[in-house]
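Architecture at a glance
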Amino acid sequence: MITETEEDISRLPPPDAQAQAHSDILCSHIISRIDDKGSIEFADFMDRALYTPDLGYYAAGLRKFGKDGDFVTAPELASEKSGVFASCLAQQIRQIKDQLGSYEVLEMGAGSGALALGLMSALSQLDALPNHYFILETSAELKRRQQRTIARSLPQFADRVSWLGSLPGSGFRGVVVANEVLDAMPVQRFRVGDKGLELQYVAMEHGQFKAQWQAMDSSTAKVLERRLKGFDMPVGYESEINLRAEAWVRSMASFLKAGLILAIDYGFPRHEFYHPQRSEGTLMCHYRHRAHGDPLVLVGLQDITAHIDFTAMAEAADDSGLSVMGYTNQASFLIATGLEEIVAASDARDVQAHLRLTQQVKTLTSPSEMGELFKIIALGRDIEGPLRGFALNDMRGRL
Ligand SMILES: C[S@@+](CC[C@H](N)C(=O)[O-])C[C@H]1O[C@@H](n2cnc3c(N)ncnc32)[C@H](O)[C@@H]1O
């Protein structure tokens, strides 16, 4: 996702009375949980702030996506049904279809439904429609929004799209797509303390949420110590670990019989993620196109995200029998899957449409916007490489 500016929290626009009242109700739910236990782990706080049914940021009816919301994601940039991002992804998916024949798509966390719309349109143009397009979405509100989007804009394919309440057992043959979903999974925040690793908790102080550092239980400490061996982290160094994203990769491994998982998100290989200079971690909040670092304010009104340690994703895949088939940045992936052909085919005499397209391409590929920071990892089973999207710049060696 991209936001326009990084902002000091004192300069964020204040929420209106209705939004504030909504946030107050969510806060009182979280406070009652804290009152029961004295404090809750940060990951629990993030989970409740984002996903409490009807109240959490993703569960409630806030605008979130697009110009009038808090952030813009790659599929949201599309100015017509099939945007550049979806068209390029569809080329990669077609390569898998060519190997599997009959196949299905599962999209995780489909947001507004923009990617589902774009992918179904682009796959139809390639004569590569899946038998079924499943969406697994945790937010009931977003699921309703996706259903409206598909019914309104793609009625001809509506009977091929269905929503899952949970991952069905095993036996899936096809492609799983997760765009900016892993970064929205609750993370644990840790710090190097004087006496060892500490975990962040959230408590109450003078009626406000307050971060607290507490000693880490021995099993979490063991996982982290093993992972951080060899990294130079001075006392005070803070960062995150996203164990839920790793568990997600493992659950996908038992679900996928043959095919490919394409996970797209902002992040780095581990040696960059835990770089000595990244001493305050990667956690970021997005509110009305402003980014800032305080997850304890605007509770339920702002997005909370953390970058992805792609080495951890690759390790979880390896451990669970999936092959890491490619890893690259978004710009390289899009160019390898036909971005330049899309631009070349655009009619420059239609000045408005051509300008919108070139603006979209710039945002998706520019190193200062989404091109470099966003990565795409491909995890496969029983698929033959090389994969088209990674032909230009496969960076697996850096993981
Ligand atoms: C940042 S939004 C991205 C939406 C969309 N993929 C896009 O690119 O515009 C994150 C989405 O993931 C969903 N989500 C978060 N955790 C999830 C999970 N464990 N399973 C399925 N969806 C999840 C959220 O409800 C939301 O729809």
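Because the structure is predicted, anything quoted here is derived from the model rather than measured. (Residues numbered from 1 in each chain as written. Predicted model: local features only at pLDDT ≥ 70, side-chain atom pairs only at ≥ 80, totals over all residues.)

1. Let's talk about the overall build of the protein chain
Put simply, the rule is: A run of H or I in DSSP counts as a helix once it spans at least four residues, and a run of E counts as a strand once it spans at least two, with each numbered from the N terminus. Distance between backbone-placed C-beta atoms decides contact: two residues are in contact if it is within 7 Å.
A tally of helices and strands in the protein chain yields 12 helices and 17 strands. Once the C-alpha set of the protein chain is aligned to its principal axes, its extents read approximately 60 × 50 × 40 Å. Within the protein chain, residue pairs in contact and separated by at least 24 positions form 80% of the contacts whose partners lie at least 6 positions apart.

2. A word on the nonpolar core
For clarity, the threshold we go by: A set of buried residues qualifies as a nonpolar core if it consists of Ala, Val, Leu, Ile, Met, Phe, Trp, Tyr and Cys joined through C-beta atoms within 7 Å. Burial is judged by counting other C-beta atoms within 10 Å of a residue's own C-beta: 20 or more means buried, 12 or fewer means exposed, and anything between counts as partly exposed, with every C-beta placed from the backbone.
By size, the foremost hydrophobic cluster in this structure holds 111 residues, and its most contacted members are Ala-116, Leu-119, Leu-262 and Met-313. Residues within four places of Met-313 in sequence aside, it is in contact with Ala-245, Val-249, Ala-263, Ile-308 and Ile-377.

3. Examining unusual backbone geometry
Across the junction of Gly-385 and Pro-386, the peptide omega takes the value -5°, indicating a cis bond. Inspection of the secondary structure assignment puts Pro-386 in the segment after β17 (374-381). Its identity is not glycine, yet Arg-288 carries a phi of approximately 45°, on the positive side. With respect to the helices and strands, the residue Arg-288 is situated in the loop between β12 (284-287) and β13 (290-292).

4. Description of the packing of helix α7 (residues 243-255) against helix α9 (residues 310-319)
The cut-off we apply is this: Geometry is summarised by axes, namely lines fitted to C-alpha atoms with helices restricted to the contacting stretch, and by angles between N-to-C directions that run from 0 to 180 degrees. For classification, angles of less than 35 degrees are called roughly parallel, those exceeding 145 degrees roughly antiparallel, those between 65 and 115 degrees roughly perpendicular, and all remaining angles oblique. Put simply, a crossing is left-handed when the front helix is turned counterclockwise from the back one by less than a right angle, and right-handed when it is turned clockwise.
At a minimum axis separation of 9 Å, α7 and α9 run at an interaxial angle of 30°. Considering their axes alone, α7 and α9 lie roughly parallel with respect to each other. You can see that α7 and α9 cross each other, and the crossing is right-handed. In this structure, α7 contributes Ala-245, Glu-246, Val-249, Arg-250 and Ala-253 to the contact, and α9 contributes Ala-312, Met-313, Ala-316 and Ala-317.

5. Let's talk about helix α5 (residues 140-153)
What counts is decided by this rule: In this analysis, the expected span of each helix is defined as 1.5 Å times one less than the number of residues it contains. The arc refers to the directions leading from the helix axis to the C-beta atoms.
The first and last C-alpha atoms of α5 sit 20 Å apart over 14 residues, in line with the 20 Å expected at 1.5 Å per residue. Buried within α5 we find Leu-142, Gln-146 and Ile-150. Down the axis of α5, the sector holding all buried residues measures 70°, keeping them to one side. Residues of α5 that are exposed and point over 90 degrees away from its buried face: Arg-148, Ala-151 and Arg-152. Elements in contact with the buried residues of α5: α4 (114-125), β4 (132-136) and β5 (161-164).

6. Observations concerning the environment of Tyr-201
Take Tyr-201: it is sitting in strand β8 (residues 196-205). Note: C-alpha distance between Tyr-201 and Asp-44 (157 residues apart in sequence) is 8.8 Å.

7. Quick look at the pairing of strand β11 (residues 256-268)
Regular strands place side chains that alternate from one sheet face to the opposite one. To keep things clear, this is the line we draw: DSSP bridges decide pairing: two strands pair if at least two such bridges lie between them.
With 11 of 13 residues buried, β11 is to be regarded as a mostly interior element. Pairing analysis gives 8 bridges linking strand β6 (residues 172-179) to β11, with the strands arranged parallel. Following the sheet pairing, Asn-179 is matched in β11 by Ile-264. Here β11 runs beside β17; their pairing, made up of 8 bridges, is antiparallel. Each bridged residue has a counterpart across the sheet, and for Asp-265 the counterpart in β17 is Lys-375.

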